[in-house]
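Per-entry structural report
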Amino acid sequence: MVNNKLRAYSQEMNYPGLSSEKGNKLIAAIYSDQSKPLLLNKPHVEVINGETTEGVLVKLMAVKSYKAEIFDCEGKKIRVSRLEAGTGIRKLKIPPSGMACLLYL
């Protein structure tokens with residue numbers, strides 16, 4: 001496919017993270033402790049927390065803020081928050097086996 005990227009991270013750690021990009025969308029899944037944060041560089045991002053602990057490390061790569069909708073493992077929306085633009089690494093609180101949908105504001 002044109003304009004499509006699929007990545008698997010950290011071979012030495014048995015690939016704890018996977019991501020795919022196409023157009024303005026990034027989908028990522030994190031399965032174990034991260035050695036690097038997930039780079040948020042698209043207007044629409046979906047992050048799956050496949051870990052048994054709460055939270056995924058992220059780094060904003062844009063000057064825009066995100067609206068974050070957080071879902072539990074059953075698909076129930078549990079929180080809506082704002083992820084402010086800025087630099088640095090942050091922990092996005094996603095419950096175990098939960099998901100976050102992020103959209104530019």
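Just above, that's the structure.
We now turn to the structure provided with this report.

Thresholds, definitions, all that
- Residues numbered from 1 in each chain as written.
- Predicted model: local features only at pLDDT ≥ 70, side-chain atom pairs only at ≥ 80, totals over all residues.
- Heavy atoms only, no water.
- Phe/Tyr/Trp six-rings, centres within 6.5 Å; stacked < 30°, edge-to-face > 60°.
- Helix = DSSP H or I, 4+ residues; strand = E, 2+ residues; numbered from the N terminus.
- Polar contact = N/O pair within 3.5 Å; in protein donor to acceptor, adjacent residues only side chain to side chain.
- Contact = heavy atoms within 4.5 Å.
- Disulfide = S-S within 2.5 Å.
- Core = buried A, V, L, I, M, F, W, Y, C linked by side-chain atoms within 4.5 Å.
- Buried < 20%, exposed > 50% of the residue type's maximum accessible area, 1.4 Å probe, protein only.
- 1 Å grid on protein atoms, 1.4 Å probe; cavity = no way out; pocket = protein on both sides within 12 Å on 5 of 7 lines; lining within 4 Å.
- Points joined across faces, edges and corners; volume = space filled by probe spheres on them.
- Nonpolar A, V, L, I, M, F, W, Y, C, P; charged D, E, K, R; others polar.
- Pairing = 2+ DSSP bridges.
- Axes fitted to C-alpha atoms, helices over the stretch in contact; angles between N-to-C directions.

1. Notes on the packing of aromatic side chains
Applying the stated criterion across every chain, the model contains one aromatic pair. A centroid spacing of 5.0 Å and a plane angle of 45° characterise the contact between Tyr-66 and Tyr-104, whose relative ring orientation is tilted. In this pair, Tyr-66 sits in strand E7 (residues 66-71) while Tyr-104 sits in strand E10 (residues 99-104), placing the two residues 38 residues apart along the sequence.

2. Some points on the side chain of Lys-42
Along the chain, the position of Lys-42 falls in the loop between strand E4 (38-40) and strand E5 (44-49). Within the structure, Lys-42 has its side chain in polar contact with the backbone oxygen of Gly-23 (distance 3.1 Å). Leave out the neighbours within four places in its chain, and Lys-42 touches Glu-21, Gly-23, Asn-24, Lys-25, Leu-26, Tyr-66 and Tyr-104.

3. Here we look at the state of the cysteines
According to the stated counting rule, one finds zero disulfides in the structure shown. Here Cys-73 stays unpaired: no disulfide links it, and the sulfur of Cys-101, its closest cysteine neighbor, is 15 Å away.

4. Overview of the nonpolar core
Within the largest apolar cluster, 18 residues are counted, with the highest numbers of intra-cluster contacts made by Leu-40, Val-45, Val-58, Tyr-66, Leu-92 and Leu-102. When residues of this core are traced back to their parent elements, those giving at least two are strand E3 (25-30), E4, E5, strand E6 (56-60), E7 and E10. Contacts of Val-58, omitting those with residues within four sequence positions, involve Pro-37, Leu-38, Leu-40, Leu-83, Gly-88, Ile-89, Arg-90 and Leu-92.

5. Let's talk about the layout of surface pockets
Put simply, the largest pocket is a space of about 320 Å³. Along the wall of the largest pocket there are 17 residues; nearest its centre are Tyr-9, Lys-36, Pro-37, Leu-38 and Leu-39. Only strand E1 (4-9), strand E2 (17-22), E3 and E4 provide two or more residues apiece to the lining of the largest pocket. The element contributing the most residues to the lining of the largest pocket is E2, with three residues. Per-class residue counts for the lining of the largest pocket are seven nonpolar, seven polar and three charged.

6. Some words on the environment of Gly-86
Mapped onto the fold, Gly-86 is located in the loop between strand E8 (77-83) and strand E9 (89-92). The class for Gly-86 is partly exposed, based on a relative accessible area of 28%. Between the alpha carbons of Gly-86 and Gln-34 there is a distance of 21 Å; along the sequence they are 52 residues apart.

7. Looking at the sheet that holds E6
Read across the sheet, three strands follow the order E4-E6-E9 without closing on themselves; strand pairing throughout is mixed. The open sheet is flanked by E4 and E9, the only strands paired with a single partner. Averaged over all neighbouring strand pairs, the angle between strand axes comes to 40°, with direction disregarded. Where E6 lies against E9, four bridges are found, and the strand directions are antiparallel. Bridge pairing in E9 places Val-58 opposite Arg-90.

Shape descriptors only; they carry no functional weight alone.
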